[in-house]
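# Structural features, examined
The primary structure of each chain is shown beneath.
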Amino acid sequence: MGKRHNMGSSAERPKTKGLVEIIGLTETFTFNPKEGIDNPVMVFTDDADSVSKPSPHLCVLKREEGESYGFNLRVERGRQGHIIRNLVVGGVSGCSGLQDGDRLLEVNNCYVDDVPHTEVSRKIKLSGHQLCLLVLNGEEYEQAVSQGQDLRSLARAHKDEGCKPPRLCHITRDPASGLGISFLPVEGEKGHFSVSLVSGGAAEKAGVCKGDRLVWMNGGTVCDLTHSALNRMMKKCGNHITILVIDSESEKSYMRRRMPILPTMAVPHNLPHRARKLLLVSGPEGYGFLLRLERAPSGRMSHVLREMDRYSPAETAGMQDGELLLEINAESMETLNHEEVVDRVIQSGQQVSLTTITSQGLEFYTKLGLSPLLFCEDDGAEKEKESGEASQKEIEGLCKPRLCSLRKGPLGFGFNLGCVLQRPGTFISQVAIGGLGQSAGLIEGDVVIEVNGQNVEEKYLEDVMIVVRDGGHFLSLLVMEKTSYNKMRQTDTPANHVTAEVKKNIIYNKVC
């Protein structure tokens, strides 16, 4: 049943019908002839230029279970951008206002023009039954690119300043104060509910703010519920509840743009389970784990990770017995049989990226109707950074090099190392919550400059891991936030000079 992996190495757009709507994001200007009749000269103002300004459109697609969105997303030789092709006539996309040749700027409020194509396709696949696409007509896109226009600014222009993303918050009942949350109907707005909080209670600790608007609870929208129905739903929640909330001003912004507020747009808060990305580098004995096809009590068949060899790459990467395999090298395993999954691992050669989750985690997301791949540990950290929740003091601290000293515990050092395939350089790929690495100040994405006093900037991951092992139970890491490190390296200074410059402003962190 199992196999041990000891392998080696600008046309007018039609009005919409059906389930999808297309929303124009540019203002319309009207000309009153009377205003110019008595004028001795015709005066042209800057407003005239707005006629030719690129006009992105927002398309909201809704599909039924088993139905596809009905279009292909392609990259083509000699053309830039992610291109909409092969729209199904009469399908969801065909009725949405999408046109052949449109370029994709955003997926669910996330700018994607400069994102790798495979990652953009993945975002669409994970969107569920509702999808928001910001697109630009193909001709307008090519003209904007040729004129050097900033497409990100163009996409950002349709958003209201200060508009924040929704938050997906998981609340666990406190023995004393309960869930610490209640909902009040918004006067004059049917299906809209405002949040009331217990100060310092469980909901507030989970990221919910006073005055937030409730959008979604335990996998279902609340816009069609009465207040009494919502209260009955709350009573059935038991000791846990997962809700999607947004501040009232941002909710108004979404409503003005007629854009749905979706969990796929959310910043995760306090979620009890996250998928994890593990990077394994093959050793002399392979990766050192067993992959088995097992049936869960629910009847679901899953690819399960088992029997990690001690000190193997699998154990070093933090693999845990019983975890479920979701992806290999960012490719979903959902439709593949077991032999095909094994082949994918073998074909990866000396290095493989695995996305995993616990069985409890898969059950959690299944009940919410969400993909477990939406909120991977590193993706969630990135979203939280983008949301601007870090204080200025924290940001200033991250910009300086940090010397983190650790003493190995029963569960190891509490972090994983990663690298870019076939390139030197190492970074912190994962930090265990509450572990030694987090206590020492390590943060996911940090660039590793030195290990135990030895510069490793130009070393490959497998060589860095040898230096770590040679240190035994003690480890000293000189690390730096990625963006700040890259700016420093732009001076083209030799590595040893860079390290000397770095050490001038070291922040020391020590955990024993």
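This text follows the structure it describes.
Residues numbered from 1 in each chain as written. Predicted model: local features only at pLDDT ≥ 70, side-chain atom pairs only at ≥ 80, totals over all residues. Heavy atoms only, no water.

## Re the overall build of the protein chain
Scanning the protein chain for helices and strands turns up 16 helices and 28 strands. For the protein chain, buried positions account for 46% of its 512 residues. Of the roughly 27700 Å² of accessible surface on the protein chain, 50% is carried by carbon and sulfur atoms. (Helix = DSSP H or I, 4+ residues; strand = E, 2+ residues; numbered from the N terminus. Buried < 20%, exposed > 50% of the residue type's maximum accessible area, 1.4 Å probe, protein only. Areas by Shrake-Rupley, 256 points an atom, 1.4 Å probe, with all protein chains shown as cover.)

## Concerning helix H15 (residues 482-489)
Among the residues of H15, Ser-484, Tyr-485 and Met-488 are the ones counted as buried. Within H15, the buried residues cover an arc of 100 degrees as seen down the axis, which keeps them to one side. Opposite the buried face of H15, at more than 90 degrees from it, the exposed residues are Lys-482 and Lys-487. (Arc of directions from axis to C-beta.)

## With respect to helix H9 (residues 338-347)
Buried residues of H9: His-338, Val-341, Val-342 and Val-345, and no others. The buried residues of H9 all sit within an arc of 100 degrees when viewed along its axis, so they share a single face. Two to three positions downstream of the cap, the backbone nitrogen of Glu-339 sits 3.2 Å from a side-chain oxygen, assigning the N-cap of H9 to Asn-337. Where H9 terminates, the next one or two residues include Gly-349, which has phi positive at roughly 80 degrees. (Polar contact = N/O pair within 3.5 Å; in protein donor to acceptor, adjacent residues only side chain to side chain.)

## Some thoughts on the nonpolar core
Of all hydrophobic cores here, the largest spans 39 residues; its most connected members are Cys-132, Leu-151, Leu-168, Trp-216, Leu-244, Tyr-365 and Leu-370. The element contributing the most residues to this core is helix H10 (residues 359-368), with four residues. Beyond its immediate stretch of four places on either side in the chain, Leu-168 contacts Trp-216, Thr-242, Ile-243, Leu-244, Ala-266, Val-267, Pro-268, His-269, Leu-271, Leu-370 and Phe-375. Core analysis: the next-biggest nonpolar cluster, separate from the first, contains 23 residues, Leu-461, Val-467, Val-468 and Leu-475 among them. (Core = buried A, V, L, I, M, F, W, Y, C linked by side-chain atoms within 4.5 Å. Contact = heavy atoms within 4.5 Å.)

## Topic: unusual backbone geometry
Phi is positive for Asn-86, close to 55 degrees, though the residue is something other than glycine. Following the sequence through the fold, Asn-86 ends up in the loop between strand S5 (83-85) and strand S6 (103-107). The phi torsion at Ala-330 lies on the positive side, around 70 degrees, for a residue other than glycine. For Ala-330, the location among the structural elements is in the loop between strand S19 (324-328) and strand S20 (331-332).

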